[in-house]
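Structural overview for review
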Amino acid sequence: MRTNAEATSWLRRYRPRPAATRRLVCFPYASGNATFYRQWAVRLPADVEVVAVQYPGRLDRIHEPCVSDMDTMVDGIVAALQPLLRTDLTLFGHSMGAAVAYEVAHRLEHGLGLPPRRLIVSGRPAPQHHRPGVKHLGSDEELWDELRRLGGTTDETLAHPELRTALLPTLRADYRLVETYRPTLGAPLSVPVTAITGDDDPEAHVPEVADWRRCTTGEFHLRVLPGHHFYLIDRQAEVLDHLREAFRPTAARPR
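Residues numbered from 1 in each chain as written. Predicted model: local features only at pLDDT ≥ 70, side-chain atom pairs only at ≥ 80, totals over all residues. Heavy atoms only, no water.

Once that is clear, we can look at the overall build of the chain. For the chain, the helix and strand inventory stands at 10 helices and 7 strands. When the 255 residues of the chain are sorted by exposure, 54% land in the buried category. Put simply, 80% of the contacts in the chain that link residues at least 6 apart link residues at least 24 apart. Surface accessibility of the chain: about 11,700 Å² in total, with carbon and sulfur atoms responsible for 53%. (Helix = DSSP H or I, 4+ residues; strand = E, 2+ residues; numbered from the N terminus. Buried < 20%, exposed > 50% of the residue type's maximum accessible area, 1.4 Å probe, protein only. Contact = heavy atoms within 4.5 Å. Areas by Shrake-Rupley, 256 points an atom, 1.4 Å probe, with all protein chains shown as cover.)

Quick look at the structure:
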């Protein structure tokens, strides 16, 4: 049985809404953290509470070892979500976070019989297009160049030596997690799935993102926005519009 303190260590509520009837659980990208979703908490409808996942090994969890395998990550998150599982949950993840959100959704539905309301994946090819990789075995310089290539981090930030020292172990562990895991390809989900991507994302080509439709027997929606891998920074307003759309009554859980 998880204690409240143990559960809370995984979850962040930047604008708590105890009376919320719906919750959006957000999963960060590789090397990212829960604060990426801080602004979303004040820009979504008042009856939606944003719950951001904080992976170990970053910010206020910096002294905890990073998790570098998917099963361990999903175990921790599902245990932390236990108090919320009988509420209306929508899962959102970007890049690596989309893979984690998908595995959590699969565990909730097929392991616990408590499917979320909807899964929203961003900047990630469908599981059948997952490509194992070896970037996590590269040099520090190669890993840092990968972060630069994907964008989403300013050149000024990337040039900061203390940040580089602090971030590289997390970046390497996250790449190890996502490059070595094997996606669950068994029974599809029954919940609606929305997939969002940038039209010029080198990591998530539109046809591969469109194949998320094969991961569910429920409704599927594809949304393509202008931009690269971190399109959702510049296009935050459009992303939040799509999230509001997902929360409308017409997007209710299928029977």
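Sheet strands pair via backbone hydrogen bonds, and the direction of the pair is either parallel or antiparallel. An order of S1-S3-S2-S4-S5-S6-S7 is seen for the 7 strands of this open sheet, with the pairing classed as mixed. With one partner strand each, in any of the chains shown, strand S1 (11-12) and strand S7 (220-225) form the two edges of the open sheet. Where strand S4 (residues 88-94) lies against strand S5 (residues 118-122), 5 bridges are found, and the strand directions are parallel. When the bridges of S5 are listed, Thr90 appears paired with Arg118. Across the face of the sheet, helix H10 (residues 236-247) comes into contact with strand S2 (22-27), strand S3 (48-53), S4, S5, strand S6 (193-198) and S7 while running at roughly 165° to S7. (Pairing = 2+ DSSP bridges. Axes fitted to C-alpha atoms, helices over the stretch in contact; angles between N-to-C directions.)

Moving on: the packing of helix H3 (residues 70-80) against helix H4 (residues 96-111). Contact geometry for H3 and H4: axes closest at 10 Å, N-to-C directions at 65°. The two elements H3 and H4 cross, and the hand of that crossing is right-handed. Residues Met70, Asp71, Met73, Val74, Asp75, Ile77 and Val78 of H3 touch H4, and the partners they reach there are Ala99, Val100, Glu103, Val104, Arg107 and Leu108. (Left-handed = near helix turned anticlockwise from the far one by under 90°.)

Bringing the packing of aromatic side chains into the picture now. With the rule as written, the count across this model stands at 7 aromatic pairs. Ring centres of Tyr29 and Phe230 lie 4.9 Å apart, and the angle between their planes is 80°; on these two criteria the pair is classed as edge-to-face. Within this pair, whereas Tyr29 is found in the loop between S2 and helix H2 (40-43), its partner Phe230 is found in the loop between S7 and helix H9 (231-234), the two being separated by 201 residues in sequence. Taken together, the ring pairs in this structure connect Tyr29, Phe36, Tyr37, Trp40, Phe92 and Phe230 into an aromatic cluster. One residue, Arg61, lies across the ring of Trp10, its end atom 4.5 Å from the ring centre. (Phe/Tyr/Trp six-rings, centres within 6.5 Å; stacked < 30°, edge-to-face > 60°. Lys NZ or Arg CZ within 6 Å of the ring centre and 35° of its normal.)

Inspection of the secondary structure assignment puts Arg58 in the loop between S3 and H3. Within the structure, the side chain of Arg58 is placed 3.3 Å from the backbone oxygen of Pro56, a separation counted as a polar contact. Residue contacts for Arg58: discarding those within four places in its chain leaves Ser31, Gly32, Asn33, Thr170 and Asp174. (Polar contact = N/O pair within 3.5 Å; in protein donor to acceptor, adjacent residues only side chain to side chain.)

Between its terminal C-alpha atoms H10 stretches 17 Å, which fits the 16 Å expected from 12 residues at 1.5 Å a residue. Turning to H10, its buried residues number three or more, namely Gln236, Val239, Leu240, His242, Leu243, Ala246 and Phe247. An end-on view of H10 places all buried positions within 155° of arc, on one side of the element. (Expected span 1.5 Å × (residues − 1). Arc of directions from axis to C-beta.)

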